Amino acid sequence: MVPRSAYLHVPFCRHRCGYCNFAVVAGRLDLARRYLAAIERELSWLETPRPVETLYFGGGTPTQLLPADFARLAECVLKWHPLLPGAEWTVEANPADINAEYLRLLVQLGVTRLSLGSQSFSAHKLKLLERDHAPEQIAWVVAEAQSLGLPVSLDLIFATPGETLAEWQVDLTAALALGPQHISTYELTFEKGTNFWSRRLRGELVGADEELQRAMYELAIDTLNSAGFEHYEVSNYALPGHRSRHNETYWMGNEYLAAGPGAARYLNGVRETNHRSTTTYLKRMLAGESPVAERDELSPEGRARECLVFGLRRLDGVSRHAFQEHTSFSLDELAGPKLREFVQLGLLTDDGECIKLTREGLMICDALGPALL
Ligand code: SF4
């Protein structure tokens, strides 16, 4: 199958937030010119343009680039990944560093979706997360983007240290009040190597307990469902017609292209990940060397198992028929006993054609994956 999705990683951020372990360089916009040259070279290795149905600029913070540099980047990416009619093009942005002129530039270039790292509407929670924007900036960016006809997705984080269920409800209500088309909610995790990890080890930060995490997740599902948002993936909610088509390609086990530091691509059953360090990526690319740090060749069965695990994240579930078409494996021959066990435990439903997570299954979905791989 020809990949019809491409991801571009833009690693620049003003500073590194305490919980973040993404492939990011903080305060190093001086590297922008070398980054552009490296991306131009990496994409030129595609040799022929690869038209896409979905394009995603993630980071980092793509809008940290100066507008002229962003326009140059976009021109280069669109040369190698021209957008097919009706294509979706998402750009991630930080409410702190996007202005009206930048938003207009995005619209002029053809961006169709803005993914805003809003995280919270509480000044206290934003400060704790070491974010550099204020709640008012989120409201301004959403209103401005919507006035330009640009649909917006808001990211929200829950289960931060000391956060109560009532405070989380305030965040959800504030997000809905802005009228976004899409909302993603993520539970705060403490990742090794982050500032938050060290602070937790020192006893300075205490994460929410499991019961509260679960209550917060359920509150998000119920609040957003009641507001007309379809809960279509474990952490994602959309108004009708506004699912992230790009992210759906990942969950459906389809192939995709990628470029930039830390970017992962999936082609012909091989997953490759570029070097996470921006400086190493730049050094390698500009010396004409491969930026790939990891290469994982999956067997046909391995691919099918991944397809099952990713597919279960979608609330639409996994259809036996589509699974067989896509992977050439029978779902029941591949994982029948485990799936039946999960159905008996009330974690999955099975109507004979389609397998789906139950509410209980959603709560522990990350734990189900390893049993099916
Ligand atoms: S803005 Fe996003 S990508 Fe950048 S450091 Fe903060 S969490 Fe990480």
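Residues numbered from 1 in each chain as written. Predicted model: local features only at pLDDT ≥ 70, side-chain atom pairs only at ≥ 80, totals over all residues. Heavy atoms only, no water.

So, the overall build of the chain
Reasoning step 1: Scanning the chain for helices and strands turns up 15 helices and 17 strands.
Reasoning step 2: A globule of 373 residues ought to have a C-alpha radius of gyration of about 21 Å, and the chain, at 21 Å, matches this closely.
Reasoning step 3: Its C-alpha atoms give the chain principal-axis dimensions of about 55 × 50 × 45 Å.
Reasoning step 4: Scored against the burial criterion, the 373 residues of the chain give a buried share of 53%.
Reasoning step 5: Taking the intrachain contacts of the chain between residues at least 6 apart in sequence as the baseline, contacts between residues at least 24 apart amount to 70%.
Reasoning step 6: Summing over all exposed atoms, the chain offers an accessible surface of approximately 16500 Å²; the carbon and sulfur share of this is 53%.
Reasoning step 7: The average position of the 37 basic charges and that of the 48 acidic charges among the side chains of the chain differ by 6 Å. (Helix = DSSP H or I, 4+ residues; strand = E, 2+ residues; numbered from the N terminus. Rg over C-alpha atoms; globule rule 2.2 N^0.38 Å. Buried < 20%, exposed > 50% of the residue type's maximum accessible area, 1.4 Å probe, protein only. Contact = heavy atoms within 4.5 Å. Areas by Shrake-Rupley, 256 points an atom, 1.4 Å probe, with all protein chains shown as cover. Lys, Arg positive; Asp, Glu negative; His and termini not counted. Charge placed at Lys NZ, Arg CZ, Asp CG, Glu CD.)

Examining the sheet that holds strand E12 (residues 264–267)
Reasoning step 1: Sheet architecture is open: three strands sit in the order E12-E13-E14, paired in antiparallel fashion. Because the sheet does not close on itself, it has two edges, and the strands there are E12 and strand E14 (292–297). On average, each strand axis in the sheet is inclined to that of its neighbour by 15 degrees, with strand direction left out of account.
Reasoning step 2: With four bridges connecting them, E12 and strand E13 (residues 270–274) associate as antiparallel partners. Directly across from Tyr266, in E13, lies its bridge partner Arg271. (Pairing = 2+ DSSP bridges. Axes fitted to C-alpha atoms, helices over the stretch in contact; angles between N-to-C directions.)

Considerations on the domain arrangement of the chain
Reasoning step 1: Partitioning the chain into structural domains gives domain 1 (5–251) and domain 2 (300–372).
Reasoning step 2: Here domain 1 and domain 2 have C-alpha centroids that lie 28 Å from each other.
Reasoning step 3: Summed over both partners, the interface of domain 1 with domain 2 buries about 1200 Å², with 49% contributed by carbon and sulfur atoms.
Reasoning step 4: Three residues, Arg214, Val234 and Trp251, lead the burial of domain 1 against domain 2; their summed loss comes to 41% of the area buried on that side.
Reasoning step 5: Joining domain 1 to domain 2, the criterion identifies six salt bridges.
Reasoning step 6: Residue Arg313 pairs with Glu233 through a salt bridge whose shortest N-O separation is 2.6 Å. (Domains from an automatic or database assignment. Buried area = accessible area lost by both parts, 1.4 Å probe. Salt bridge = Lys/Arg side-chain N within 4 Å of Asp/Glu carboxyl O.)

Description of helix H3 (residues 100–109)
Reasoning step 1: Where H3 is concerned, the buried positions are Ala100, Tyr102, Leu103, Leu105 and Leu106.
Reasoning step 2: Looking at where H3 begins, the residue whose side-chain oxygen comes 3.2 Å from the main-chain nitrogen of Glu101 is Asn99. (Polar contact = N/O pair within 3.5 Å; in protein donor to acceptor, adjacent residues only side chain to side chain.)

Considering the sheet that holds strand E10 (residues 236–238)
Reasoning step 1: Taking strand neighbours across the sheet as the criterion, the nine strands line up as E9-E10-E8-E7-E6-E5-E4-E1-E11 in an open arrangement whose pairing is mixed. Among the strands making up the open sheet, the edge pair consists of strand E9 (230–233) and strand E11 (257–259). Along the sheet, successive strands turn relative to each other by an average axial angle of 20 degrees, direction set aside.
Reasoning step 2: Strand direction decides the pairing type here: strand E1 (residues 5–10) and E11, joined by three bridges, are parallel. Bridging across to E11, Tyr7 finds its partner in Ala258.

Some points on the side chain of Arg320
Reasoning step 1: Relative to the elements of secondary structure, Arg320 occurs in helix H12 (residues 320–327).
Reasoning step 2: With relative accessibility at 16%, the residue Arg320 sits in the buried group.
Reasoning step 3: Only 3.1 Å separates the side chain of Arg320 from the backbone oxygen of Gly352, close enough to count as a polar contact.
Reasoning step 4: If we skip the residues at most four places from it in the chain, Arg320 touches Leu331, Asp332, Asp350, Gly352, Glu353, Cys354 and Ile355.

Considering the packing of helix H2 (residues 67–80) against H3
Reasoning step 1: In the contact formed by H2 and H3, the axes pass within 11 Å of each other and the chain directions differ by 15 degrees. With respect to their mutual orientation, H2 and H3 come out roughly parallel. Between H2 and H3 lies a crossing of right-handed hand. Contacts from Pro67, Phe70, Ala71, Ala74 and Leu78 in H2 reach Tyr102, Leu105, Leu106 and Leu109 in H3.
Reasoning step 2: A breakdown of the residues in the contact of H2 with H3 according to their chemical character gives nine nonpolar, no polar and no charged. (Parallel < 35°, antiparallel > 145°, perpendicular 65-115°, else oblique. Left-handed = near helix turned anticlockwise from the far one by under 90°. Nonpolar A, V, L, I, M, F, W, Y, C, P; charged D, E, K, R; others polar.)

Things to note about the side chain of Thr194
Reasoning step 1: Along the chain, the position of Thr194 falls in the loop between strand E8 (182–187) and helix H7 (195–201).
Reasoning step 2: According to the relative accessible area criterion, Thr194 is buried, its value standing at 3%.
Reasoning step 3: Polar contacts involving the side chain of Thr194 include one to the main-chain amide nitrogen of Trp197, which spans 3.1 Å.
Reasoning step 4: The contacts of Thr194, once residues within four sequence positions are left out, are Gly18, Tyr19, Cys20 and Asn21.

Brief notes about the site of the ligand
Reasoning step 1: Around the ligand, the structure places Cys13, His15, Arg16, Cys17, Tyr19, Cys20, Phe22, Val24, Gly60, Thr61 and Arg131.
Reasoning step 2: Partitioning the shell around the ligand into residue classes produces six nonpolar, three polar and two charged. (Near = heavy atom within 4 Å.)

Some remarks on the packing of helix H1 (residues 32–44) against helix H10 (residues 278–286)
Reasoning step 1: In the contact formed by H1 and H10, the axes pass within 9 Å of each other and the chain directions differ by 55 degrees. The orientation of H1 with respect to H10, classified from their angle, is oblique. The way H1 lies across H10 gives a crossing that is left-handed. Contacts between H1 and H10 involve Arg34, Tyr35, Ala37, Ala38, Ile39, Arg41 and Glu42 on the former and, on the latter, Tyr281, Leu282, Lys283, Met285 and Leu286.
Reasoning step 2: For the contact of H1 with H10, the per-class residue count stands at eight nonpolar, no polar and four charged.

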